[in-house]
Amino acid sequence: MTEVEQRLNKAFKKAMGRYGVIEDGDHILVGLSGGKDSLLLLELLAKRSRIIKPKFTVEAIHVRMANVKYETSTDYLSRFCDNLGVRLHVVTTSFDETIPTHKPKCFLCSWHRRKQMFNLAQQLGCNKIALGHHNDDIIHTALMNTIFQGHFSTMPVVLKMRKMPLTIIRPLCFCEEKDIRAYAEMSGYEKQVKLCPYETDSHRTSIRNLYKQIEEMAPEVRYSIWNALEAEGKLVE
């Protein structure tokens, strides 16, 4: 096992131990976008599900947006899931771009994708939905919310939904993006056929660049922000 694999496995186990993202009897639906993060998430969960404890099952959903022109090869995703022994559900949805709204397209796309995930999860009897957000995503979101929204919060590692019997989990919460990227290249993960045309239009790209500058000034900023989020109870809701 390479050093990168060791770090990712250690980080995955740390999330299980500290936040209890996986419990005995869980039925987990993984949001499989086709990007490196969700591919790794599914791989780690599928391999872990073969271990006796905790005993849980995994399925995956890939949501295609009919009116947003970016895509991942569903043939590749099917092969990827088959190799892991995971059932894949492919769903197509869309939103009406002609309806006036102040919401950005990224928000609308995300909202409709989540809606499909929630619906399928309940149809399948899943109690958890796993998303591939990693450590950098969570920290960048905390910065973005602080700067643009005026409150210190982020995407929780564990979020129990109030209106439905589902819990959102982010098992890659301790995995760093650079390690995921390195593992994806080493494992030969296929890249998306066409990238999202709106992915550079959000504040997230600017925050990512800002974070790099902050990290050069304060190399320990990753741990400082995480400890602050944990102290404020922002990682489990």
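Residues numbered from 1 in each chain as written. Predicted model: local features only at pLDDT ≥ 70, side-chain atom pairs only at ≥ 80, totals over all residues. Heavy atoms only, no water.

Participant: Any chance you could explain the overall build of the protein chain here in plain terms?
Facilitator: Along the protein chain, the regular secondary structure elements total eight helices and six strands. Ordered by position from N to C terminus, the α and β elements of the protein chain give α-β-α-β-α-β-α-β-α-β-β-α-α-α. A buried classification covers 48% of the 237 residues belonging to the protein chain. Put simply, of all contacts in the protein chain between residues at least 6 apart along the chain, 78% involve residues at least 24 apart. Carbon and sulfur atoms make up 51% of the accessible area of the protein chain, which amounts to about 12,700 Å² in all. (Helix = DSSP H or I, 4+ residues; strand = E, 2+ residues; numbered from the N terminus. Buried < 20%, exposed > 50% of the residue type's maximum accessible area, 1.4 Å probe, protein only. Contact = heavy atoms within 4.5 Å. Areas by Shrake-Rupley, 256 points an atom, 1.4 Å probe, with all protein chains shown as cover.)

Participant: Teacher, can you tell me more about the packing of aromatic side chains here?
Facilitator: To describe a pair of aromatic rings, one takes the distance between the centres and the angle between the planes. Applying the stated criterion across every chain yields a total of five aromatic pairs. A centroid spacing of 5.7 Å and a plane angle of 15 degrees characterise the contact between Tyr19 and Phe174, whose relative ring orientation is stacked. Linking Tyr19 in helix H1 (residues 3-19) with Phe174 in the loop between strand S6 (167-169) and helix H6 (177-187), this pair joins segments that are 155 residues apart in sequence. Judged by its relative accessible area of 12%, Tyr19 is buried. Here the aromatic residues Tyr76, Phe80, Tyr183 and Tyr189 are joined through ring pairs into a cluster of three or more. (Phe/Tyr/Trp six-rings, centres within 6.5 Å; stacked < 30°, edge-to-face > 60°.)

Participant: Even after reading the chapter, I still don't get the environment of Val63, so can you show me in this structure?
Facilitator: Position of Val63 relative to the elements: it lies in strand S2 (residues 57-65). Counting along the chain gives 31 residues from Val63 to Ser94, while the straight-line C-alpha distance between them is 9.8 Å. Look past the residues within four positions of Val63 in its chain and what remains in contact with it is Val91, Thr93, Arg113 and Gln116.

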